[in-house]
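Chain by chain, the residues run as shown.
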Amino acid sequence: MSLLDDVSIVVTPNGYKAGELYAVIPSDGAADMDVTRATDATRVNESGLIEDVLANVPRIDYTGGGCPHILAEPQRTNLLEYSEDFTDTYWTSTTDVETPVKSTTIKSPDGNYNAWHIVKDGSNSKIARVIGSSSVEYSKSIWARTISGSGTAYFGNGSITSGVLTTVTTEWQRIEITSSVNSFYAVDFRGSSTLTEVLIWGSQMEVGSYATSYIPTSGSTVTRNQDIFTRDGIGSLINSTEGVLFLEVAALSLLSDVSRVIMLTSSDGLNYVNIYFQSDGRLTVYNNVNGVNTVLFQQVLNDITLFNKCALKWGSQGYELWVNGIKLESSTSTSVPIGLSEINFNWNGGIRHFYGKVKQLQVYKTALTD
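Residues numbered from 1 in each chain as written. Predicted model: local features only at pLDDT ≥ 70, side-chain atom pairs only at ≥ 80, totals over all residues. Heavy atoms only, no water.

Asker: Teacher, can you tell me more about the pattern of salt bridges here?
Answerer: Opposite charge on two side chains makes pairing possible when the charged atoms of those side chains draw close. Tallying each qualifying case throughout the model produces 15 salt bridges. The shortest N-O distance in the salt bridge between Glu 51 and Arg 43 comes to 2.7 Å. You can call Arg 43 buried: its relative accessible area is 10%. Between Glu 73 and Arg 224 there is a salt bridge; the shortest N-O distance is 3.6 Å. You can see Glu 73 sitting in the loop between strand 8 (69-72) and strand 9 (76-78) and its partner Arg 224 sitting in strand 20 (residues 222-224), a full 151 residues away along the chain. One network of salt bridges, in which partners are shared, links Arg 37, Arg 59, Glu 73, Arg 224 and Asp 227. (Salt bridge = Lys/Arg side-chain N within 4 Å of Asp/Glu carboxyl O. Buried < 20%, exposed > 50% of the residue type's maximum accessible area, 1.4 Å probe, protein only. Helix = DSSP H or I, 4+ residues; strand = E, 2+ residues; numbered from the N terminus.)

Written as structure tokens, this is what we have:
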């Protein structure tokens with residue numbers, strides 16, 4: 001007998017259209033996830049290039065290579081009004097930087113010839129922009145590479161503003177830093193820089209403690225709305241009495257402003273089981289039976305930003321938590337939720353959302369054996 005004989009719902013990075021992510025099982029569309037994101041966004045496609053995705057279209061993302069994942073991110077705004085045009089007067093360049101020129105031989109991370117060649121021409125070479133308030137935590141990011149060889153320079157922050165000296169090579173890399181400094185340095189050759197020229201593309205400055213996917217701008221700030229995944233009316237595919245919720249997921253960050261919870265719930269929210277990854281690296285399992293919320297299990301994982309395979313089993317024999325093939329905890333409690341009929345990538349309508357990466361979601365109507 002195969003596990004496919006018992007599974008009632010399988011959602012993977014598979015087929016999709018605007019507003020829907022198709023479930024592999026069942027094939028009749030009964031468990032297709034509803035997807036909402038009122039704005040366009042970007043993803044890394046199977047060729048490793050950044051491309052635009054239209055509003056409400058789920059993002060099947062290939063960041064890191066290999067198999068793709070479903071990407072769910074919070075709402076963020078790129079505060080830099082010209083994220084790709086470093087010749088606009090919006091950017092302040094010192095006279096010790098030659099006028100940026102577009103590369104005609106090396107493609108940018110989106111596959112076009114639109115990266116900017118920046119050449120140092122003196123000891124005070126930098127391109128920067130001051131914006132926002134210094135009391136806010138920002139995540140700053142930009143792609144950079146060399147024409148040939150390798151060297152160091154400052155990106156995001158300048159050499160005199162808590163800058164981080166970064167080594168760049170002939171491979172594109174996205175440089176990310178977090179800082180409360182309210183200025184963005186596209187590149188700063190001052191200090192102990194060993195570079196005399198560099199290619200840059202795709203600058204971003206957003207409020208938050210970690211960088212999110214690229215938000216292009218061309219004359220104004222741009223906001224990308226959050227990704228929301230839900231499915232209701234599927235009580236026939238979920239057995240409240242016994243079952244398994246299986247996830248293969250990774251968090252976007254360990255930092256405290258990242259929510260990451262996926263749950264099976266009743267329509268009134270008074271009954272549920274969920275798997276929740278907390279900022280301190282703990283995996284926490286809750287259940288709620290007629291409004292009584294209980295922490296069932298808490299386990300610290302090695303790294304929640306890596307993909308972990310997590311299975312929660314419940315039924316007449318109690319509850320069990322499995323992670324990466326190992327049973328970590330069990331409980332003899334037989335108090336099970338009632339009327340489970342929804343899958344939500346959030347906690348009861350939005351108290352906490354799931355922001356992370358999903359490779360698999362499976363639901364079983366039976367409490368599987370070990």
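Asker: It is not clear to me how the sheet that holds strand 23 (residues 261-265) should be interpreted in this structure. Could you clarify?
Answerer: Strands belonging to one sheet form pairs held by backbone hydrogen bonds; the direction of such a pair is parallel or antiparallel. Read from one edge of the open sheet, 9 strands run 2-3-4-21-30-23-24-25-26, paired in antiparallel fashion. Because the sheet does not close on itself, it has two edges, and the strands there are strand 2 (16-17) and strand 26 (292-300). (Pairing = 2+ DSSP bridges.)

Asker: In this structure, what is going on with the state of the cysteines? I would like to understand it.
Answerer: All chains considered together, the criterion is met by 0 disulfides. No disulfide involves Cys 67; its sulfur sits 18 Å from the nearest other cysteine sulfur, which is in Cys 310. (Disulfide = S-S within 2.5 Å.)

Asker: I'm lost on the layout of surface pockets in this one. Help?
Answerer: Over the atoms, a rolled probe matching the size of one water molecule traces out where space is still vacant. Within this model, the largest pocket holds a volume of roughly 590 Å³. Considering the residues around the largest pocket, the lining is formed by 28 residues, among which Thr 63, Arg 174, Glu 176, Thr 212 and Ser 213 are closest to the centre. Breaking the lining of the largest pocket down by element, the ones donating at least two residues are strand 5 (41-44), strand 8, strand 14 (138-145) and strand 17 (173-179). Residue classes in the lining of the largest pocket are distributed as 11 nonpolar, 10 polar and 7 charged. Taken as a whole, the second largest pocket encloses approximately 360 Å³ of empty space. Taken together, 17 residues line the second largest pocket, and the ones lying closest to its centre are Phe 246, Ala 311, Trp 322, Leu 368 and Asp 370. Elements with a contribution of two residues or more to the lining of the second largest pocket: strand 22 (243-251), strand 27 (308-315), strand 28 (318-323) and strand 31 (356-364). Residue composition of the lining of the second largest pocket, by class: 8 nonpolar, 5 polar and 4 charged. (1 Å grid on protein atoms, 1.4 Å probe; cavity = no way out; pocket = protein on both sides within 12 Å on 5 of 7 lines; lining within 4 Å. Points joined across faces, edges and corners; volume = space filled by probe spheres on them. Nonpolar A, V, L, I, M, F, W, Y, C, P; charged D, E, K, R; others polar.)

Asker: For this particular structure, what's the right way to read the packing of aromatic side chains?
Answerer: How two aromatic rings sit relative to each other is set out by the distance from centre to centre and by the angle between their planes. Evaluated as defined, the whole model comprises 13 aromatic pairs. Pairing Tyr 276 with Trp 347 gives two aromatic rings, centres 5.7 Å apart and planes at 85°, and the pair type is edge-to-face. With Tyr 276 in strand 24 (residues 272-277) and Trp 347 in the loop between strand 30 (342-344) and strand 31, this residue pair connects regions lying 71 residues apart in the sequence. Each of the two residues, Tyr 276 as well as Trp 347, counts as buried. Ring plane angle 75° and centroid distance 5.7 Å describe the contact between Phe 345 and Phe 354, whose orientation is recorded as edge-to-face. The two residues Phe 345 and Phe 354 agree in class, both being buried. (Phe/Tyr/Trp six-rings, centres within 6.5 Å; stacked < 30°, edge-to-face > 60°.)

Asker: Would you take a moment to explain the pairing of strand 27 for this structure?
Answerer: For a regular strand, side chains alternate in direction, first toward one face of the sheet and then toward the other. The element strand 27 is extensively covered by neighbouring structure, given that 7 of its 8 residues are classed as buried. Pairing of strand 22 with strand 27, which is carried by 7 bridges, proceeds in the antiparallel orientation. In the sheet register, Val 249 faces strand 27, and the bridge partner there is Asn 308. Pairing analysis gives 6 bridges linking strand 27 to strand 28, with the strands arranged antiparallel. Opposite Trp 314, over in strand 28, you have Tyr 319 as the bridge partner. What sits between strand 27 and strand 28 in their antiparallel hairpin is a turn of 2 residues.

Asker: Can you walk me through the side chain of Arg 43 in this structure?
Answerer: Counting through the fold element by element, Arg 43 comes out in strand 5. In terms of polar contacts, Arg 43 uses its side chain to reach the side chain of Glu 51, at 2.7 Å. Within the structure, the side chain of Arg 43 is placed 2.6 Å from the backbone oxygen of Ile 60, a separation counted as a polar contact. Not counting residues within four places of it along the chain, the set of residues in contact with Arg 43 comprises Tyr 16, Leu 49, Ile 50, Glu 51, Val 53, Arg 59, Ile 60, Asp 61 and Tyr 62. (Polar contact = N/O pair within 3.5 Å; in protein donor to acceptor, adjacent residues only side chain to side chain. Contact = heavy atoms within 4.5 Å.)

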